Amino acid sequence: MCRHLGWLGASVTASSLVLDPPSGLLVQSYAPRRQKHGTVNADGWGVGFFDDGPRRWRSEKPLWGDSSFASVAPTLRSGCIVAAVRSATIGMPIEPSASAPFSDGSWLLSHNGVVDRAVLPAAHTAESTVDSAVLAAHIFDRGMDALAATIAEVGARDPGARLNILAGNGSRLLATTWGDTLFALQRPDGVVLASEPYDDDPTWRDIPDRHLIEVSAAGLSLTALEGQ
Ligand code: GLN
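The structure reproduced in this document is the subject of the present report.

What counts as what
Residues numbered from 1 in each chain as written. Predicted model: local features only at pLDDT ≥ 70, side-chain atom pairs only at ≥ 80, totals over all residues. Heavy atoms only, no water. Helix = DSSP H or I, 4+ residues; strand = E, 2+ residues; numbered from the N terminus. Rg over C-alpha atoms; globule rule 2.2 N^0.38 Å. Buried < 20%, exposed > 50% of the residue type's maximum accessible area, 1.4 Å probe, protein only. Contact = heavy atoms within 4.5 Å. Areas by Shrake-Rupley, 256 points an atom, 1.4 Å probe, with all protein chains shown as cover. Axes fitted to C-alpha atoms, helices over the stretch in contact; angles between N-to-C directions. Parallel < 35°, antiparallel > 145°, perpendicular 65-115°, else oblique. Left-handed = near helix turned anticlockwise from the far one by under 90°. Nonpolar A, V, L, I, M, F, W, Y, C, P; charged D, E, K, R; others polar. Salt bridge = Lys/Arg side-chain N within 4 Å of Asp/Glu carboxyl O. Polar contact = N/O pair within 3.5 Å; in protein donor to acceptor, adjacent residues only side chain to side chain. Pairing = 2+ DSSP bridges.

1. Comments concerning the overall build of the protein chain
Right, on to step 1. For the protein chain, the helix and strand inventory stands at 5 helices and 13 strands.
Right, on to step 2. In summary, the protein chain has a C-alpha radius of gyration of 16 Å against a globular reference of 17 Å for 228 residues, a match within 12%.
Right, on to step 3. A principal-axis box enclosing the C-alpha atoms of the protein chain has dimensions of 40 × 35 × 35 Å.
Right, on to step 4. Counting the 228 residues in the protein chain, one finds 56% classified as buried.
Right, on to step 5. A separation threshold of at least 6 residues defines the contact pool for the protein chain, and within that pool the share at least 24 residues apart is 65%.
Right, on to step 6. Of the roughly 9100 Å² that the protein chain leaves accessible, carbon and sulfur atoms contribute 51%.

2. Some points on the packing of helix H4 (residues 131–142) against helix H5 (residues 147–157)
Right, on to step 1. The interhelical angle for the contact between H4 and H5, taken along N-to-C directions, is 135°, at an axis separation of 9 Å. Our classification of the angle between H4 and H5 gives oblique. In the packing of H4 onto H5, the handedness of the crossing is right-handed. Note on element contacts: H5 touches H4 through Leu147, Ala149, Thr150, Ile151, Glu153, Val154 and Arg157, opposite Leu135, His138, Ile139 and Arg142.
Right, on to step 2. Residue composition of the contact of H4 with H5, grouped by class: 6 nonpolar, 2 polar and 3 charged.

3. Brief notes about the pattern of salt bridges
Right, on to step 1. By the definition in use, this model includes 12 salt bridges.
Right, on to step 2. A single network of salt bridges, built from pairs that share partners, joins Arg3, Asp180 and Glu196.

4. Digging into the side chain of Ser128
Right, on to step 1. As for its placement among the helices and strands, Ser128 is situated in the loop between strand S6 (108–114) and H4.
Right, on to step 2. By relative accessible area, Ser128 is classed as buried at 8%.
Right, on to step 3. A distance of 3.1 Å separates a polar side-chain atom of Ser128 from the backbone nitrogen of Val130.
Right, on to step 4. For Ser128, the residues in contact, after removing those within four places along its chain, are Pro93, Glu95, Ser97, Ala98, Ala133 and Val134.

5. A look at the sheet that holds strand S12 (residues 211–216)
Right, on to step 1. Reading across from one edge, S5-S6-S7-S8-S12-S13 is the order of the 6 strands in this open sheet, with antiparallel pairing throughout. Each edge of the open sheet carries a strand with a single partner, namely strand S5 (102–103) and strand S13 (219–224).
Right, on to step 2. With 5 bridges connecting them, strand S8 (residues 173–177) and S12 associate as antiparallel partners. Paired with Leu174 across the two strands is Glu214, which belongs to S12.
Right, on to step 3. Contacting S5, S6 and strand S7 (162–168), H4 runs over the sheet at an angle of about 130° to S6.
Right, on to step 4. Here H5 sits on the sheet in contact with S7, S8 and S12, set at roughly 160° to S7.

6. Focus on the sheet that holds strand S11 (residues 205–206)
Right, on to step 1. The strand order across the open sheet built from 7 strands is S3-S2-S4-S1-S10-S9-S11, with neighbouring strands paired in antiparallel fashion. Two strands in the sheet have a free side with no partner beyond their single neighbour: strand S3 (54–59) and S11.

7. Some words on H5
Right, on to step 1. Of the residues making up H5, those classed as buried are Leu147, Thr150, Ile151, Ala152, Val154 and Gly155.
Right, on to step 2. Of the surrounding elements, those touching the buried residues of H5 are H4, S7, S8 and S12.

And the structure:
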């Protein structure tokens, strides 16, 4: 399914994370290397970052065709970035508001996976009818500090769900692994969390399934999720 990426660290350009790496999100949009569900991620993309608050640029078109984003991305700089390319689940709408990251005004959040919307409470604040937006609204309603408990509960209600979340608020990244891959790269200038490595650096760390990952100024911590 989708591929996402988060950055917390020094101020870097969106292009240095998304467009330039040999297997970055741009290449993952047509040639992902570790994708287990789906083949390409051509149903939209989104790049979110923080300056005085969360900012987003989202589209329902393939990332490779967006020359405007390619032109501006080298000037978009931030110390916290959440980006994704989308492979829409069958039956879901294809529209800019269905592309991650979703936001509550403080956090930017991406969901890689699938969930039965019937197990989620109807959320009036969901940005789209796509399952990921309804899940994002539920997570925001519960509060980001309850992310681990929320994912374990939703996973228990829908045993077929895949619930890889990646979220940032400018000073923290929170992520879960629940049914799909996630890797971490600790660079001298910050930390990358990504569905798959964007290059062949041997220090990319494979995060085990059913874990919560938190990245902050204090470093990276890993906690097993309930139900693992
Ligand atoms: N189910 C979500 C969607 O349709 C996410 C899909 C994915 O992870 N590929 O957008």
